[in-house]
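Chain residues, written in single-letter form:
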Amino acid sequence: MSENLRKYFTTGEFAKLCNVKKQTLFHYDEIGLLSPEIKNEKGYRYYSYHQFDVFNVIELLKEVDMPLKEIKLFLKNKTPAELIELLKGKTLEIQKKINNLNKIQKIIDTKIALTENALRLDFNQIRLEEQEEELLFLSDSILDCSDRSFLKSVSQFIDFLYKNELDIGYPIGAIVSKEKLLEEDYDNYSYLYTKTEDNVESVSFYTKPKGLYVVAYHVGNDKNISKTYKKIMKFIDTHHIKLGSYSYEEYVLDEISVSGNDHYVTQIMIKVEEK
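Residues numbered from 1 in each chain as written. Predicted model: local features only at pLDDT ≥ 70, side-chain atom pairs only at ≥ 80, totals over all residues. Heavy atoms only, no water.

The next point concerns the overall build of the protein. Looking only at helices and strands, the protein has eight helices and 11 strands in total. Taken over the C-alpha trace, the protein has a radius of gyration of 30 Å; the compact-globule value for 275 residues is 19 Å, which it surpasses by more than 25%. Seen along its three principal axes, the alpha-carbon backbone of the protein occupies a region of about 100 × 35 × 35 Å. Of all 275 residues assigned to the protein, the portion counted as buried reaches 36%. Sequence separation of 24 or more characterises 70% of the internal contacts of the protein that already satisfy a separation of 6 or more. (Helix = DSSP H or I, 4+ residues; strand = E, 2+ residues; numbered from the N terminus. Rg over C-alpha atoms; globule rule 2.2 N^0.38 Å. Buried < 20%, exposed > 50% of the residue type's maximum accessible area, 1.4 Å probe, protein only. Contact = heavy atoms within 4.5 Å.)

As a further point, take the sheet that holds strand E8 (residues 206-208). Pairing in this open sheet of eight strands is antiparallel, and the strands run E4-E9-E11-E10-E6-E7-E5-E8 from one edge to the other. In this open sheet, the two strands that pair with only one neighbour each are strand E4 (127-131) and E8. Pairs of neighbouring strands in the sheet enclose a mean axial angle of 35°, with direction left out of account. Strands E4, strand E6 (173-177), strand E9 (211-219), strand E10 (241-253) and strand E11 (265-274) of the sheet are contacted by helix H8 (residues 225-238), whose axis makes an angle of about 25° with E11. (Pairing = 2+ DSSP bridges. Axes fitted to C-alpha atoms, helices over the stretch in contact; angles between N-to-C directions.)

This next bit is on the pattern of salt bridges. Summed over all chains, the structure comprises 14 salt bridges. The closest approach of N and O atoms between Lys90 and Glu93, which form a salt bridge, is 3.5 Å. Within this pair, Lys90 and its partner Glu93 are both found in helix H5 (residues 80-119), separated by three residues, close to a single helical turn. Judged by relative accessible area, which is 10%, Lys90 ranks as buried. One salt bridge in this structure joins Glu165 and Lys103, with 2.5 Å as the shortest N-O distance. Of the two residues, Glu165 sits in the loop between helix H6 (147-163) and E6 while Lys103 sits in helix H5, which places them 62 residues apart along the sequence. Assessed through its relative accessible area of 53%, Glu165 is described here as exposed. Residues participating in the shared-partner salt-bridge network are Glu134, Lys195, Lys208 and Glu250. (Salt bridge = Lys/Arg side-chain N within 4 Å of Asp/Glu carboxyl O.)

Position of Ser48 among the secondary structure elements: in strand E3 (residues 45-48). A relative accessible area of 4% places Ser48 in the buried class. Here the side chain of Ser48 touches Glu37 through a polar contact of 2.9 Å, side chain to side chain. (Polar contact = N/O pair within 3.5 Å; in protein donor to acceptor, adjacent residues only side chain to side chain.)

With that out of the way, let us pick up H5. If you check H5, its first and last C-alpha atoms are 58 Å apart, about what 40 residues at 1.5 Å a residue would give, namely 58 Å. On its buried face, H5 is in contact with helix H3 (50-63), helix H4 (68-76) and E10. (Expected span 1.5 Å × (residues − 1).)

A few words on the nonpolar core. Counting 26 residues, the largest nonpolar core has Leu181, Val214, Tyr229, Ile232, Ile236, Ile270 and Val272 as the members making the most contacts within it. Among the elements that line this core, the one with the most residues is H8, at six residues. Not counting residues within four places of it along the chain, the set of residues in contact with Val214 comprises Ile126, Arg127, Leu128, Ile232, Phe235, Ile236, Ile241, Ile268, Met269, Ile270 and Val272. With 16 residues, the next largest nonpolar core counts Phe14, Ala15, Leu61 and Leu75 among its residues. (Core = buried A, V, L, I, M, F, W, Y, C linked by side-chain atoms within 4.5 Å.)

A few words now on the packing of helix H1 (residues 11-18) against helix H2 (residues 22-30). Contact geometry of H1 with H2 gives a least axis separation of 8 Å together with a crossing angle of 105°. When the axis of H1 is compared with that of H2, the two are roughly perpendicular. Between H1 and H2, the residues in contact are Thr11, Gly12, Phe14 and Ala15 and Lys22, Leu25 and Phe26, respectively. A breakdown of the residues in the contact of H1 with H2 according to their chemical character gives four nonpolar, two polar and one charged. (Parallel < 35°, antiparallel > 145°, perpendicular 65-115°, else oblique. Nonpolar A, V, L, I, M, F, W, Y, C, P; charged D, E, K, R; others polar.)

Here we come to the confidence of the model for the protein. It should be kept in mind that the predicted coordinates are not to be read in detail where pLDDT is low. Scored by pLDDT, the protein comes out at a mean of 92, with 97% of its residues at no less than 70. Within the protein, the lowest mean pLDDT, 90, falls on strand E2 (residues 38-39), and the highest, 97, falls on E9. (pLDDT = per-residue confidence, 0-100.)

Following the criterion strictly, the structure yields 12 aromatic pairs and no others. Aromatic pair Phe14 and Tyr47: ring centres 4.5 Å apart, planes at 0°, arrangement stacked. Here Phe14, found in helix H1, pairs with Tyr47, found in strand E3; they are 33 residues apart in sequence, far enough to count as distant. One exposure class covers both Phe14 and Tyr47, and it is buried. (Phe/Tyr/Trp six-rings, centres within 6.5 Å; stacked < 30°, edge-to-face > 60°.)

What follows covers the sheet that holds strand E1 (residues 8-10). If you walk across this open sheet you meet the three strands as E1-E3-E2, and the pairing is antiparallel. The open sheet has two edge strands, E1 and E2, and neither has a second partner. Pairing analysis gives three bridges linking E1 to E3, with the strands arranged antiparallel. In the sheet register, Thr10 faces E3, and the bridge partner there is Tyr46. On top of the sheet, H1 reaches E1 and E3; it is set at about 95° to E1, its chief contact.

Written out as structure tokens, the structure is:
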């Protein structure tokens, strides 16, 4: 190599330095995005170490979804002020992505924890359990609503959760009143609910009370859930306890963890009191 080229990288060397294939550099040169600093009469290409920083900026802008055409336009007409404005704008975009990824990670962590806990449960057991109070976000009342109104309420509830970023991975549950339990009208829900963070100032929460609960599990299609409720009511009578105000239903295993609704598992928690 001649003396004046000793401080330059060949295409292969520069590609290795940038951790890309040579074809990437050929493509960038072809579209006028990043051309070698020197091309000799034999067609050999040479890059300076200064161009490594330019390459890094190109890859950075690609990572934040800036098209190559826009990157090329920016590099062709760049000024310090435009660089600052561009990078500040990209910083805001990156922060939004980080926030979104943090929310996704929170949902994933919740799903993992719920599923791991479900695998430790005995689905054949009905038991009494002391539970702490929980804050739940409720839908509007859906008591005695028609099937069409029910579907509309579910859609509105889910839409509100997503628009207000309240979904953190917990299932959507349903609340059945004591009156409907006694009437054996088990699918006539009073409200839908989900658990979410309690630091959302714009949202009103319902407090699921602390106390004694009968906890049972229904395995299979919700259409047959009455069988499990009847077992629970028998358990309540046998243990001489008094039915409380509400039953709370929520999936512990559903379509994301098992195949087919015959394998779904619904946790049923009914507030009870000593007689």
